[in-house]
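Reading the structure
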Amino acid sequence: MIAQLTGLVGQIEADRCVVDVHGVGYLVHASTRTLSALARPPEISRVLVETVVREDAFLLYGFADAAERDWFRLLTTVQGVGAKLALAILSALSPADVAATIAAADKAGLTRVSGVGARLAERILSELRDKAGKLPVGAGIVLPVAPASAGVEGDVLLALAGLGFRRAEAQPVVARILARLKEAGAGQEGDLDVVIRESLRDLAR
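The name an unreviewed UniProt entry assigns to the protein is Holliday junction branch migration complex subunit RuvA, from the organism Gluconacetobacter dulcium. Its UniProt record, at the heading Subcellular location (unreviewed entry), says of the protein: "Cytoplasm". Per UniProt, the comment on the protein under Sequence similarities (unreviewed entry) is "Belongs to the RuvA family."

Here's the deal with the packing of aromatic side chains
Applying the stated rule across the entire model yields two aromatic pairs. Feature note: the residues Tyr61, Phe63 and Phe72 constitute an aromatic cluster, connected by ring pairs.

What to know about unusual backbone geometry
Only a minority of non-glycine residues have a phi that is not negative, and only a minority of peptide bonds are not trans. Cis peptide bonds are those with omega within 30 degrees of zero, and the linkage from Pro41 to Pro42 qualifies with 10°. Along the chain, Pro42 turns up in the loop between helix H1 (32-37) and strand S4 (45-53). For His22, which is not glycine, the phi dihedral falls at a positive 50°. Its place among the elements puts His22 in the loop between strand S2 (16-21) and strand S3 (24-30). Phi angles above zero are rare outside glycine, and Ala105 is one such case at about 55°. Its place among the elements puts Ala105 in the loop between helix H4 (95-103) and helix H5 (107-111). A relative accessible area of 52% places Ala105 in the exposed class.

Regarding the sheet that holds strand S5 (residues 58-63)
If you trace the five strands once around the closed barrel, you get S1-S2-S3-S5-S4, paired in mixed fashion. Averaged over all neighbouring strand pairs, the angle between strand axes comes to 55°, with direction disregarded. Pairing of S3 with S5, which is carried by three bridges, proceeds in the parallel orientation. Paired with Ala30 across the strands is Gly62, a residue of S5.

With respect to the pairing of S5
Of all six residues making up S5, five are buried, and the element is well covered by its neighbours. Note that S4 and S5 share six bridges and pair antiparallel. Bridge pairing links Val52 to Leu59 in S5. With antiparallel pairing between neighbouring strands as the criterion, S4 and S5 make up a hairpin whose turn holds four residues.

Digging into helix H2 (residues 66-75)
Given 3.6 residues per turn, any residue in an α-helix points the same way as the ones three and four places further on. Of all the 10 residues making up H2, eight are buried; the element is thus mostly covered by neighbouring parts of the structure. Listing the buried residues of H2 in full gives Ala67, Glu68, Arg69, Asp70, Trp71, Phe72, Leu74 and Leu75. Contacts made by the buried residues of H2 are with H1, S4, S5, helix H3 (83-92), H4 and helix H6 (118-128). One side-chain oxygen at the N-terminal end of H2 lies 3.2 Å from the backbone nitrogen of Ala67; it belongs to Asp65.

With respect to the nonpolar core
The nonpolar side chains of a soluble globular protein tend to be buried, and buried together. Within the largest apolar cluster, 30 residues are counted, with the highest numbers of intra-cluster contacts made by Trp71, Phe72, Leu75, Val81, Ile89, Ile102 and Ile124. By residue number, the principal contributor to this core is H3, which donates seven residues. Once residues within four sequence positions are removed from consideration, Val81 is found in contact with Leu75, Thr76, Ala86, Leu120 and Ile124. Val174, Leu178, Val194 and Val195 belong to the second-largest nonpolar core, a separate cluster that totals 13 residues.

Some points on the pattern of salt bridges
Under the defined criterion, the tally for this structure stands at 10 salt bridges. Of the charged contacts, one joins Glu13 and Arg16 as a salt bridge, the two residues approaching to 3.1 Å between their closest N and O atoms. What makes Glu13 partly exposed here is its relative accessible area of 42%. Of the charged contacts, one joins Asp70 and Arg73 as a salt bridge, the two residues approaching to 3.7 Å between their closest N and O atoms. One end of the pair, Asp70, and the other, Arg73, are both in helix H2, three residues apart, so they sit about a helical turn from each other. Given the relative accessible area of 17%, Asp70 is considered buried. Overall, the relative accessible area of 37% leaves Arg73 in the partly exposed class. Here the salt bridges share partners, and the residues they tie into one network are Arg176, Arg180, Glu198, Arg201 and Asp202.

Thresholds, definitions, all that
Per chain, residues are indexed from 1 in the order of the written sequence. With the structure being a predicted model, the display of local features is reserved for residues of pLDDT at least 70 and the display and counting of side-chain atom pairs for 80 or more, all residues being used for whole-chain, interface and lining totals. Processing note: side-chain calculations cover all non-hydrogen atoms of the structure and skip hydrogens and water entirely. UniProt positions are given in the numbering used here, feature names are shortened, and annotations may be inferred rather than shown by experiment. Two rings belonging to Phe, Tyr or Trp (six-membered ring only in the last case) form a pair when the distance between their centres is within 6.5 Å. Interplanar angles under 30 degrees mark stacking, angles over 60 mark edge-to-face geometry, and anything in between is tilted. Numbering goes from the N terminus for both helices and strands, where a helix is a DSSP run of H or I of at least four residues and a strand is a run of E of at least two. Buried means the residue's accessible area, taken with a 1.4 Å probe over protein chains only, is under 20% of the maximum for its type, while exposed means over 50%, and partly exposed covers the values in between. Any two strands with at least two DSSP bridges between them are considered paired. To define axes, lines are fitted to C-alpha atoms, for helices over the stretch in contact only, and angles between the resulting N-to-C directions are given on a 0 to 180 degree scale. Contacts are residue-level and defined by heavy atoms, with any inter-residue pair within 4.5 Å sufficient. Pairs of N or O atoms are called polar contacts if they sit within 3.5 Å, as long as, within protein, a hydrogen donor faces a hydrogen acceptor (for residues adjacent in sequence, only side-chain-to-side-chain pairs). Throughout this description, the term nonpolar core refers to a set of buried Ala, Val, Leu, Ile, Met, Phe, Trp, Tyr and Cys residues connected via side-chain atoms within 4.5 Å. For this document, the term salt bridge refers to a Lys or Arg side-chain nitrogen within 4 Å of an Asp or Glu carboxyl oxygen.

Here you go:
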């Protein structure tokens with residue numbers, strides 16, 4: 001089984017990329033979080049890999065760190081959560097966010113992920129509640145006890161994650177934008193499009 005690839009990353013798409021290892025290109029499926037973290041040529045990237053062998057396919061799933069890989073493995077133990085949905089969850093939520101969401105039994109935080117309905121969210125919370133605390137959440141990250149962001153802030157963070165922005169980078173900006181709009185008193189802090197547009201403007205600086 002392939003456990004790691006080290007090479008040049010190219011042909012990056014929404015949910016996958018090609019890693020060129022000495023002239024051999026490996027198609028690797030990955031979260032937007034991992035894809036945004038990979039070095040671009042001529043720098044070499046290291047990708048941790050989970051190999052999935054099926055009757056009709058030999059699939060590689062890549063991760064920027066061990067925490068995300070371990071959460072991928074745990075999420076796919078839940079009935080109804082396949083590899084594609086696990087990557088969608090990890091694109092929207094960092095390992096720390098997933099752990100916090102499960103610890104807080106925050107069903108709404110999971111259902112904001114495309115493909116996760118209320119029943120599946122309940123199953124994930126039920127089956128992983130006792131296992132979540134045993135997994136790493138990433139180097140230097142302290143597991144928060146508060147539930148994942150809700151409302152407009154949560155929706156904006158999900159949208160920004162889909163565009164490749166890390167939650168740790170985006171959350172302070174979004175919070176600042178929301179506070180600024182609320183202080184302006186125009187009622188725009190509830191307008192999702194406005195908050196996303198203003199957040200992107202700040203993040204691009």
